Amino acid sequence: QVQLAESGGGLVQAGDSLTVSCTASGQSFGSGAMAWFRQAPGKEREFVAIRSWSGGSAYGDSVKGRFTMTRNNVQKTVYLQMNNLKPDDTGVYYCAAATTYWVAEYGSTKNYAYWGQGTQVTVSS
């Protein structure tokens with residue numbers, strides 16, 4: 001079993017930067033891919049970014065060039081650095097872990113076995 005705990009959310013203004021983090025625990029944690037999703041009120045959960053154990057990555061179209069996902073395998077922690085934040089970035093940000101090295105259909109929530117409780121990010125205009 002893997003437990004994921006997000007932290008670092010908050011209230012920021014448009015144009016600001018913010019970094020959220022997710023730490024994994026549990027004996028089952030290995031080299032699986034990890035990802036970030038977000039969910040705004042009344043909307044479906046949206047893919048944000050994914051990073052493999054060795055550094056391969058992909059980003060959602062709406063965050064490319066503004067968000068960067070990094071990973072520290074020793075500390076079992078992933079980070080999402082968010083720059084030039086916009087009000088549309090508002091939502092609950094969830095960390096997810098897969099049991100495979102990479103996820104071909106990384107935008108689908110069904111391909112991740114473990115989820116955190118989420119951290120709220122609010123961007124005011």
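Each value, and the rule that gives it
- Residues numbered from 1 in each chain as written.
- Predicted model: local features only at pLDDT ≥ 70, side-chain atom pairs only at ≥ 80, totals over all residues.
- Heavy atoms only, no water.
- Phe/Tyr/Trp six-rings, centres within 6.5 Å; stacked < 30°, edge-to-face > 60°.
- Helix = DSSP H or I, 4+ residues; strand = E, 2+ residues; numbered from the N terminus.
- Buried < 20%, exposed > 50% of the residue type's maximum accessible area, 1.4 Å probe, protein only.
- Core = buried A, V, L, I, M, F, W, Y, C linked by side-chain atoms within 4.5 Å.
- Contact = heavy atoms within 4.5 Å.
- Pairing = 2+ DSSP bridges.
- Axes fitted to C-alpha atoms, helices over the stretch in contact; angles between N-to-C directions.
- Disulfide = S-S within 2.5 Å.

**Student:** When you look at the packing of aromatic side chains in this model, what are you seeing that I'm missing?
**Tutor:** The description of an aromatic ring pair rests on the distance of the ring centres and on the angle between the ring planes. If you walk through the whole model with that rule in mind, you get six aromatic pairs. Relative to Tyr112, the ring of Phe37 lies with its centre 5.3 Å away and its plane at 80°, an arrangement referred to as edge-to-face. Taken together, the positions of Phe37 in strand S4 (residues 34-39) and Tyr112 in the loop between strand S9 (91-97) and strand S10 (114-115) put the pair 75 residues apart, joining distant regions of the chain. Across this residue pair, the class does not change: Phe37 and Tyr112 are buried. Where Trp102 meets Tyr106, the ring centres are 6.0 Å apart and the plane angle is 70°; that geometry is what we call edge-to-face. With a relative accessible area of 33%, Trp102 lands in the partly exposed category.

**Student:** Is there a simple way to think about the nonpolar core in this case?
**Tutor:** Across soluble globular proteins, nonpolar side chains have a tendency to be buried as a group. Judged by nonpolar contacts, the single largest core of 25 residues is most densely connected at Leu4, Trp36, Leu80 and Met82. Breaking this core down by element, the ones donating at least two residues are strand S3 (18-25), S4, strand S5 (46-51), strand S7 (67-72), strand S8 (77-82), S9 and strand S11 (119-124). Broken down by element, the residue count for this core peaks at four residues, all from S3. When residues no more than four places from it in sequence are discounted, the contact partners of Met82 are Asp16, Ser17, Leu18, Val20, Arg66, Phe67, Tyr93 and Val121. Ala33, Ala35, Ile50 and Val103 belong to the second largest nonpolar core, which has ten residues in total.

**Student:** Help me out: how do you make sense of the sheet that holds S7 in this one?
**Tutor:** Two pairing modes exist for strands in a sheet, parallel and antiparallel, and in both the strands are linked by backbone hydrogen bonds. Pairing is antiparallel across the open sheet formed by four strands, whose spatial order is S1-S3-S8-S7. On the outer flanks of this sheet lie strand S1 (3-7) and S7, each paired with one strand and no other. Adjacent strand axes in the sheet meet at a mean angle of 15° when their direction is disregarded. Bridge analysis of S7 against S8 gives six bridges, and the strand direction is antiparallel. Across the sheet, Met69 pairs through a bridge with Leu80, a residue of S8.

**Student:** Would you mind going over the state of the cysteines with me for this structure?
**Tutor:** Here, disulfide denotes a covalent bond that connects the sulfur atoms of two cysteines. Under the defined criterion, the tally for this structure stands at one disulfide. Note on cysteine connectivity: Cys22 is disulfide-linked to Cys95, with sulfurs 2.2 Å apart. Where Cys22 bonds to Cys95 through sulfur, the torsion about that S-S bond is close to -75°, and the disulfide is left-handed. In this pair, Cys22 sits in strand S3 while Cys95 sits in strand S9, placing the two residues 73 residues apart along the sequence. Summarising the burial analysis for this pair, Cys22 and Cys95 share the class buried.

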